[in-house]
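Here's the letter readout for the chains.
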Amino acid sequence: MIEVTDLSFTVGGAQILAPTTLTLPAGQITALIGPNGAGKSTLSRLIARVETPPPGTVRVNGRDVATTPGGLLARELAFLGQHTGLASRLRVRDLVAFGRWPHCHGRPGPADHAAIARALAEFELEPLAQRFLDTLSGGQAQRAHLAMAAAQETPWLILDEPLNNLDLAHARGLMVHLARLRDAGGSVLIVLHDLNFAAAWADHVVAMKAGAVVATGRPEAVLTGPLLSALYDTEIEVTVHGGRPLVLHHLAPA
Amino acid sequence: MTRPLVPTLAALTALALASLFVGAASLDGQAGLLLWVSRIPRTAAAILTGAALAVAGVVMQQILRNRFVEPATTGTPEAAAAGLLAITLVAPAAPIWLKMIVAAVSALLGTVLFAALIRRLPPREIYLVPLSGLILSGVLGAGVTFVGWETDLLPYVSVWLMSGEFSGVIAGRYELLWIAGAAVALAWAAADRFAILGLGPEAATALGLNPRAVLRLGLAVVAIVTAMVVVTVGMFPFVGLIVPNLVTRVMGDNLRAALPVVALAGAGLVLACDLAGRIVIHPYEIPAGTILGVIGALAFLWLLWRGDRDGR
C-alpha cells in the first residue's frame, strides 16, 4: 500500500501539486489520469522519491520514502520516468542488468541472471540484447528501459507514461505484463494518457486536474461521461464494451 | 567483452619495453643504474599518467553526461595550478604533501565550479558544455598566469600548465603519480555506479543510488588524478577525451568492462607520444605533451565534426 499524506509541491511559486492525501491499494493496477499539467507525473515522481522531498509524507509499504535508505527503497519500488533524450551507449543486456543493482550491487548471482533473462524475454528483447541503446528506435529503447524496471522485481512498479513510443502490440503487451504482475501479488501505479487502457486494465483509477485529485475509485465509477467531460473540459461520451467502460474520446459529440 | 583488452595490453607491453631501451644515453656500462633510476621511472610515470588521465576523462564524461569534456579542457589543471601558486606564495617552505593536498582541493573546487556552471545549460545543447569548459579554463589559466607574472613565479606556473613531459622524471620524483593510480583503482571499483549515473540522476535514484554521492566520488577521482599529474609532470591535453571516446565507441558505456581498456589505451597513447618525442630529434627531445597537443587537437576537431551521431 502507498499512503500519501499532505503531499504538495511548488516550483518557483507555482503550485504543481496541491496538498494531497491519497491511498493506493496494494495488489492492484492503479491508473493515474488527467489532462496535461494536472500533476500526474509530479505525483508519481514524488512517490518514487526522484523529486526532492517536499512538504508531506509518502509511505510505500509502511516505509517513509524521505527517510528510508535508497538501497532499501529500490527493493520496494521500481520507477521508470519519461525520457530526457540523452541515451547512454549501453548494450540492452547491460541496461537490463542494471535493474538488478539493488539486489546484487554489480555481482549478479543465478537469481539475478534468471531475472534478467525473464525481463529480456518478457519484452521481446532477446534479438536486441547485444545492441547499443543509441542504435535502437524510440519504442525499442522504451522496452529496454521497461525491462530494466521489470528486472528490479519489486513489490511496487511505478511507470510515468510508459506507453510513449510503443506500438499497439507492445502497448498491449505491457498491460498484459502488468496484469500478470498484479495476479502474482504485485502492485502497479501507471500514468496513462490513453483512457481506454485505464478502462480495460486498471483496477483503480485516480483522476487529477490542476494539481489536485478530483476522483478515485473503480474504473466504471471514475470513467463516466460527466466526470471525464468535466476533467478534460471537453464533452466525452462513454459506452460499455465487455463489461468495462469504453471511452469515445476521439469522437466529437453530434 | 574482453576482446579489445588483450591487444591493448600487448601493445602497451611492447611500448613499455621499447621505452626502456630508447633515450639519449645508451644502455651499456651502467645499464642497471640507468634503467633503475631513469628509464623504469620514466616509463612508469608515462603509463600512470596516461591511464589516470584517460580514466578521469571517462569518469567525467559519465557523471556529467557529455562526451566532449575532460579535465584538461574544463579548467581542472588550471584550478590545481592556482592552488599550487597560492600555497607557494603563502607558505613557500610548505612540505610537498601539503602542496599536494592544496592542489587536489583546489582542483576539486575548480571541477565543482564547472559542474555547477553547466547545470544551468540546456541538456540537449551538448556543445555548450565543452565550450563553457574551455572558457572557464581560459579564465582560470589567465588568472594564474597573471599572478605568476606579478610574483615572478611564471617559470613554475608554466611547468604546471604548459605541455607536460617526462624528461625530468627520475626515481624519487614521480612517485606521487601512484596516488593517481590509486584513484584509478577507486574509479574501477565504482565503475557500475558511474555508468548508472550516466543513465541520469533519476534512474540512479530509482536504482537506490544517491546521485549526489556518486557525483562527488567522481569529481574527487578527477581532481586527485589531475592534481597529481599537474604537480608531477605537467598537464597532457586530450588524453581524457580521445581515448574514452574511441574505446566506448567500440565497447559502450559499460564501464566495468571498458575502464581497463580505457586505462591501458591511455597509458599506451602517452607512452607512445613520449617515445616519439625521444626519437624524432634524437638525441634531443620534444615534450610528449606537445605531440599530444597536435594529435589531440586534430582528433578533438574530428570528434566535434563527427558530432552527435552516438546520441549524446
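Whatever comes next refers back to the structure up there.
Everything quoted here is computed from the prediction, not taken from an experiment. (Residues numbered from 1 in each chain as written. Chains lettered and ligands numbered in written order. Predicted model: local features only at pLDDT ≥ 70, side-chain atom pairs only at ≥ 80, totals over all residues. Heavy atoms only, no water.)

K.L.:
Please set out the packing of helix α12 (residues 255-280) of chain B against helix α13 (residues 288-306) of chain B residue by residue, giving values where relevant.
P.N.:
All names here are of chain B. Running from N to C, α12 and α13 cross one another at 115°; their axes reach a closest spacing of 8 Å. In terms of orientation, α12 and α13 fall into the roughly perpendicular class. Viewed along their axes, α12 and α13 form a crossing whose handedness is right-handed. Residues Leu-269, Val-270, Cys-273, Asp-274, Ala-276 and Gly-277 of α12 pack against Ala-288, Ile-291, Leu-292 and Ile-295 of α13. By residue class, the composition of the contact of α12 with α13 is 8 nonpolar, 1 polar and 1 charged. (Axes fitted to C-alpha atoms, helices over the stretch in contact; angles between N-to-C directions. Helix = DSSP H or I, 4+ residues; strand = E, 2+ residues; numbered from the N terminus. Parallel < 35°, antiparallel > 145°, perpendicular 65-115°, else oblique. Left-handed = near helix turned anticlockwise from the far one by under 90°. Contact = heavy atoms within 4.5 Å. Nonpolar A, V, L, I, M, F, W, Y, C, P; charged D, E, K, R; others polar.)

K.L.:
Any chance you could break down the interface of chain A and chain B for me, citing the residues and the numbers?
P.N.:
Contact residues are listed per partner, giving 28 residues for chain A and 27 residues for chain B. In total, about 2300 Å² of surface goes out of reach between chain A and chain B, with carbon and sulfur atoms giving 54% of it. Of all residues in chain A, A:Leu86, A:Arg89 and A:Trp101 bury the most surface against chain B, accounting for 32% of the area lost on that side. At the junction of chain A with chain B, the criterion picks out 1 salt bridge. B:Glu202 serves as the salt-bridge partner of A:Arg45, at 2.1 Å between the closest nitrogen and oxygen. Scanning the region where chain A abuts chain B turns up 10 residue pairs in polar contact (both at pLDDT 80 or more). Elements with a contribution of two residues or more to the side of chain A that touches chain B: α2 (70-73), β6 (77-80), α3 (92-98) and α4 (101-104) of chain A. A per-element tally of the side of chain A that touches chain B places α3(A) first, with 3 residues. Class assignment of the residues belonging to the side of chain A that touches chain B gives a composition of 13 nonpolar, 9 polar and 6 charged. (Buried area = accessible area lost by both parts, 1.4 Å probe. Salt bridge = Lys/Arg side-chain N within 4 Å of Asp/Glu carboxyl O. Polar contact = N/O pair within 3.5 Å; in protein donor to acceptor, adjacent residues only side chain to side chain.)

K.L.:
Tell me what's going on with the packing of helix α3 (residues 76-90) of chain B against helix α5 (residues 128-150) of chain B, and back it up with residues and numbers.
P.N.:
Residues and elements named next belong to chain B. In contact at an axis separation of 9 Å, α3 and α5 are set at 20° when each is read in the N-to-C sense. Of the possible angle classes, the one that applies to α3 and α5 is roughly parallel. The hand of the α3/α5 crossing is left-handed. Across the interface between the two elements, Glu-78, Ala-79, Ala-81, Ala-82, Leu-85 and Leu-89 of α3 pack against Ser-137, Leu-140, Gly-141, Val-144, Val-147 and Gly-148 of α5. When the residues that make up the contact of α3 with α5 are grouped by side-chain class, the tally is 8 nonpolar, 3 polar and 1 charged.

K.L.:
Got a sec to walk through a nonpolar patch on the surface? Specific residues and values, please.
P.N.:
On the surface, a cluster of nonpolar side chains totalling about 460 Å² of accessible area is made up of B:Leu33, B:Trp36, B:Val37, B:Ile40 and B:Ile170. As for its position among the elements, B:Leu33 is in helix α2 (residues 31-64). (Patch = residues over 30% accessible without salt bridge, like charges linked within 9 Å, V, L, I, M, F, W, Y side chains within 5 Å. Areas by Shrake-Rupley, 256 points an atom, 1.4 Å probe, with all protein chains shown as cover.)

K.L.:
Just give me the short version of a positive patch on the surface, but keep the residues and values in it.
P.N.:
Residue and element names in this part refer to chain B. Judged by side-chain charge, Arg-119, Arg-120, Arg-212 and Arg-216 come together as a positively charged surface patch. Mapped onto the secondary structure, Arg-212 falls in helix α10 (residues 211-233). On the accessibility criterion, Arg-212 (54% relative accessible area) is exposed. (Lys, Arg positive; Asp, Glu negative; His and termini not counted. Charge placed at Lys NZ, Arg CZ, Asp CG, Glu CD. Buried < 20%, exposed > 50% of the residue type's maximum accessible area, 1.4 Å probe, protein only.)

K.L.:
Lay out the sheet that holds strand β5 (residues 63-64) of chain A with the relevant residues and their values.
P.N.:
The strands making up a sheet are joined through hydrogen bonds of the backbone, oriented either antiparallel or parallel. All names here are of chain A. Spatially, 4 strands are ordered β2-β1-β4-β5 in an open sheet, and the strand pairing comes out antiparallel. The open sheet has two edge strands with one neighbour each: β2 (14-24) and β5. Judged from the 7 bridges that link them, strand β1 (residues 2-11) and β2 form a sheet pairing that is antiparallel. Directly across from Glu-3, in β2, lies its bridge partner Thr-23. Taken strand by strand, helix α1 (residues 40-47) contacts β1, β2 and β4 (57-60), and its axis lies near 120° from that of β1. (Pairing = 2+ DSSP bridges.)

K.L.:
Any details on unusual backbone geometry? Residues and values, ideally.
P.N.:
Cis geometry is adopted by the peptide bond preceding B:Pro283, which originates at B:His282 and carries an omega value of 5°. Position of B:Pro283 among the secondary structure elements: in the loop between α12 and α13. Phi is positive for A:His105, close to 50°, though the residue is something other than glycine. With respect to the helices and strands, A:His105 occurs in the loop between α4 and α5 (110-122). Unlike most non-glycine residues, A:Glu124 shows phi in positive territory, near 55°. Following the sequence through the fold, A:Glu124 ends up in the loop between α5 and α6 (138-151).

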